[in-house]
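Read off the chains here:
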Amino acid sequence: MHIAVVGSGYVGLVAGACFADLGHQVILVDNDQVKLAALKAGDVPIHEKFLPELLKRHRERNLTFSDNLNQAVRASKAIFIAVGTPPTEQGEADLSYVESVARSVSGAINGYKVVVEKSTVPVYTSDWVRKIILRNAAAPDSFDVASNPEFLREGTAVTDFLYPDRIVVGADSERCATVLREIYAPMTDGSYYQRKDAIPAPDRAQIPPPLIVTSAKSAELIKHASNAFLAMKISFINAVASICESVGANVQQVCQGIGTDSRIGPRFLNPGIGYGGSCFPKDLMAFRAVARECGYEFRLLDEVMRINEDQRQRFLRKVRTALWTLRGKRLGVLGLAFKGGTDDIRESPAILLVQSLLQEGCQIAAYDPAATARAREVLGPSTEFVSDPYEAARDSDALLILTEWEEFAALDLDRIFKQLKYPIVIDGRNLYDPEAMAARGFTYYSVGRPAGTPAVPAAASTPPARKLKKS
Ligand code: UGA
């Protein structure tokens, strides 16, 4: 099928590349000339597994790039809107880019089109998109508006797209649903997965994935409700982790105990320093604003956000407990991205923590496998950026783990021990076992678990006064 994807941001680029891999002819439209030139030249603007491979496979074949929306609409049966919906100061989603695309689409309709919302938008947006297209003189039966939300996570976006738990199609007519069913047919009939060159399946892949057809409004709500629920799960376990810390219980054991209940499930129950990223914080605010507009005060979401903020403050208190005063202390920081596997630092709790620590007078030596360039733009010269975890640890008063990159869970701990001025590790992502860390001579703090203290403690809750004898 001929498909136009408008907006070459995270969702648009991944969706465009994946539609091309399913065998469709895709035109990716953007008005940012610099971005377009880079894409045409073979650049991959985001750090995303399998994306370079897909772009290379389809660039200028199944996947072309253009700034001409009118032409792209004329050439396509389905037009996916994947432009940004940034938050306004009041926390609502700013839909002006969506509206502007809808207006342009209207003037280019030359046969039946399905206009699909791919960006995360509040419920009722499909109604508005329809109204805008009609207002601009398109015939009512010449198009339909659908909602086809995306559930991809940064870092695993390509596999999330091609191996989803479900595909949600919000369509208010059978004609429209048929077009979307056809687009996803290589996935739902399983033929894509039989191809030798298919992107490899992740663990737990649901093959073929179910396709759920709902009304457009329900699909819009499914997206906001899914993100809100996942954020709620994280805040819930972070709150439980705080209680664990007070009573000396172990949140990991608690998670195992509750996560094995199939009604609850073990995923998204990892406590840490709070959720970040370009989606959860923004979507929760937008969902709360939508609810308020509909006359419902969604106070549960306020609490989810409050716990998330609090989680960072708790971590800061942990650093103070471990080091007493902070002014002049040198801290090695592992991880700046909002989570592992990405170079995205938007709303990253790691960045917010580093900024707080800098304000308190700490010196920071930070390492991130992918996010350094972006972090440098935000943190500037106040932070020293180093090229590996061991350099971050060198002569530091403590090592902080702030992002769950896989390589941080596989450090050469003896080397880290030798590099640190004091063998103190404060792990905001629970990557290590407290007892094993203590056995190696570290004083180890994590989230929701008892601290690990070596037999000869490294002055755990008092300022580290002397250097431990290292093995
Ligand atoms: C999230 C959703 O997971 C996707 O389903 C959704 O499509 C996407 O938002 C979106 O709306 O576009 P993403 O923001 O890429 O995806 O990241 P997640 O993997 O969900 O992580 C979000 C944050 O929660 C990260 O800071 C992560 O470290 C944190 N997190 C996640 C935890 O603290 N604990 C967990 O158990 C899981």
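Attention here is on the structure that accompanies the text. Given the structure is predicted, the values throughout are model-derived calculations rather than measurements. (Residues numbered from 1 in each chain as written. Predicted model: local features only at pLDDT ≥ 70, side-chain atom pairs only at ≥ 80, totals over all residues. Heavy atoms only, no water.)

1. Focus on the site of the ligand
Looking at the ligand, there are 20 residues lining it, with Leu-152, Glu-154, Lys-223, Asn-227 and Phe-338 nearest. Protein coverage of the free-state accessible area of the ligand, which is 710 Å², stands at 93%. At the level of secondary structure, the elements contributing two or more residues to the shell around the ligand comprise helix H10 (216-247) and helix H12 (280-293). With three residues, H10 is the largest single contributor of residues to the shell around the ligand. Residues belonging to the shell around the ligand are distributed by class as follows: nine nonpolar, three polar and eight charged. (Near = heavy atom within 4 Å. Areas by Shrake-Rupley, 256 points an atom, 1.4 Å probe, with all protein chains shown as cover. Helix = DSSP H or I, 4+ residues; strand = E, 2+ residues; numbered from the N terminus. Nonpolar A, V, L, I, M, F, W, Y, C, P; charged D, E, K, R; others polar.)

2. Digging into the pattern of salt bridges
With the rule as written, the count across this model stands at 26 salt bridges. We note a salt bridge from Glu-154 to Arg-346, for which the minimum N-O separation is 3.6 Å. Residue Glu-154 is located in the loop between strand E6 (143-147) and helix H7 (157-162), and its partner Arg-346 is located in the loop between strand E9 (330-334) and helix H14 (349-359); the two are separated by 192 residues in the primary sequence. Judged by its relative accessible area of 9%, Glu-154 is buried. Overlapping salt bridges, with partners in common, bring together Asp-21, Glu-53, Arg-57, Arg-195 and Asp-197 in one network. (Salt bridge = Lys/Arg side-chain N within 4 Å of Asp/Glu carboxyl O. Buried < 20%, exposed > 50% of the residue type's maximum accessible area, 1.4 Å probe, protein only.)

3. A closer look at the packing of helix H5 (residues 96-108) against helix H6 (residues 125-135)
Running from amino to carboxyl end, H5 crosses H6 at an angle of 40 degrees, the nearest separation of the two axes being 8 Å. In this view, H5 runs oblique relative to H6, as classed from their interaxial angle. Where H5 crosses over H6, the handedness of that crossing is right-handed. Listed contacts from H6 to Val-98, Glu-99, Ala-102, Arg-103, Val-105 and Ser-106 of H5 are Thr-125, Val-129, Ile-132 and Ile-133. Each residue belonging to the contact of H5 with H6 can be placed in one class, and the counts come to six nonpolar, two polar and two charged. (Axes fitted to C-alpha atoms, helices over the stretch in contact; angles between N-to-C directions. Parallel < 35°, antiparallel > 145°, perpendicular 65-115°, else oblique. Left-handed = near helix turned anticlockwise from the far one by under 90°. Contact = heavy atoms within 4.5 Å.)

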